Amino acid sequence: QVQLVESGGGLVQPGGSLRLSCAASRIIFSIYTMSWYRQAPGKQRELVATITSGGSTNYVDSVKGRFTISRDNAKNTVYLQMNSLKPEDTAVYYCNAKYYAPDYWGQGTQVTVSS
């Protein structure tokens, strides 16, 4: 069965950094578009960043210049480097893998930005 496992979340002070990882198994990772979503309490799930199989990236405006999505196909892993974190970045972050349909989701990792 397909498995996406996120890691790297935690508690960080404003201005700090975290790197999230998502390790995939049982998919042909290199052909999938990989994305990071986040969901804060009471909010809709929001697309944060994507990276295509060809390496093209896209970001929601609120994280541009602060977050970087990357992938290592040899490790079947996608990363989200988060710098200059703000309290409004607090959310559960989810990894998504999509190649047409269906797509796959991890269970999420909590990121809390607070002093």
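Residues numbered from 1 in each chain as written. Predicted model: local features only at pLDDT ≥ 70, side-chain atom pairs only at ≥ 80, totals over all residues. Heavy atoms only, no water.

Let us now look at the nonpolar core. Grouped together as the largest cluster of nonpolar side chains are 28 residues, with contacts concentrated most on Met34, Trp36, Val78, Leu80, Met82 and Tyr93. For this core, the secondary structure elements donating two or more residues are strand E3 (18–25), strand E4 (33–39), strand E5 (46–51), strand E7 (67–72), strand E8 (77–82), strand E9 (91–98) and strand E11 (109–113). Not counting residues up to four positions away in its chain, the partners in contact with Met82 are Gly16, Ser17, Leu18, Leu20, Arg66, Phe67, Tyr93 and Val111. (Core = buried A, V, L, I, M, F, W, Y, C linked by side-chain atoms within 4.5 Å. Buried < 20%, exposed > 50% of the residue type's maximum accessible area, 1.4 Å probe, protein only. Helix = DSSP H or I, 4+ residues; strand = E, 2+ residues; numbered from the N terminus. Contact = heavy atoms within 4.5 Å.)

Here we come to the state of the cysteines. Tallied over the entire structure, the rule returns one disulfide. Between the sulfur atoms of Cys22 and its disulfide partner Cys95 the distance amounts to 2.0 Å. A torsion of -80 degrees about the S-S bond marks the disulfide between Cys22 and Cys95 as left-handed. Of this pair, Cys22 sits in strand E3 while Cys95 sits in strand E9; the two residues are 73 residues apart in sequence, bridging distant segments of the chain. Taken as a pair, Cys22 and Cys95 share a single burial class, namely buried. (Disulfide = S-S within 2.5 Å.)

Attention now goes to the packing of aromatic side chains. On inspection of all chains with the given rule, the structure shows four aromatic pairs. Considering the side-chain rings of Tyr32 and Tyr104, the 6.4 Å spacing of their centres and the 45 degrees angle between planes classify their relative orientation as tilted. Taken together, the residues Tyr32 in the loop between E3 and E4 and Tyr104 in strand E10 (residues 104–105) connect sequence positions 72 residues apart. The class of Tyr32 is buried, set by a relative accessible area of 9%. (Phe/Tyr/Trp six-rings, centres within 6.5 Å; stacked < 30°, edge-to-face > 60°.)

On a regular strand, each side chain points to the face opposite its neighbour's, so the side chains alternate between the two faces of the sheet. Judged from the five bridges that link them, E4 and E5 form a sheet pairing that is antiparallel. Its bridge partner lying in E5, Tyr37 is registered against Leu47. Once E4 ends, the chain turns through six residues before running back antiparallel as E5, passing Gly42 with a positive phi of about 75 degrees. Direction of pairing for E5 relative to strand E6 (residues 57–59): antiparallel, over a ladder of three bridges. Bridge pairing in E6 places Ile51 opposite Thr57. Adjacent in sequence and paired antiparallel, E5 and E6 are bridged by five residues, among which Gly55 carries a positive phi angle near 95 degrees. (Pairing = 2+ DSSP bridges.)

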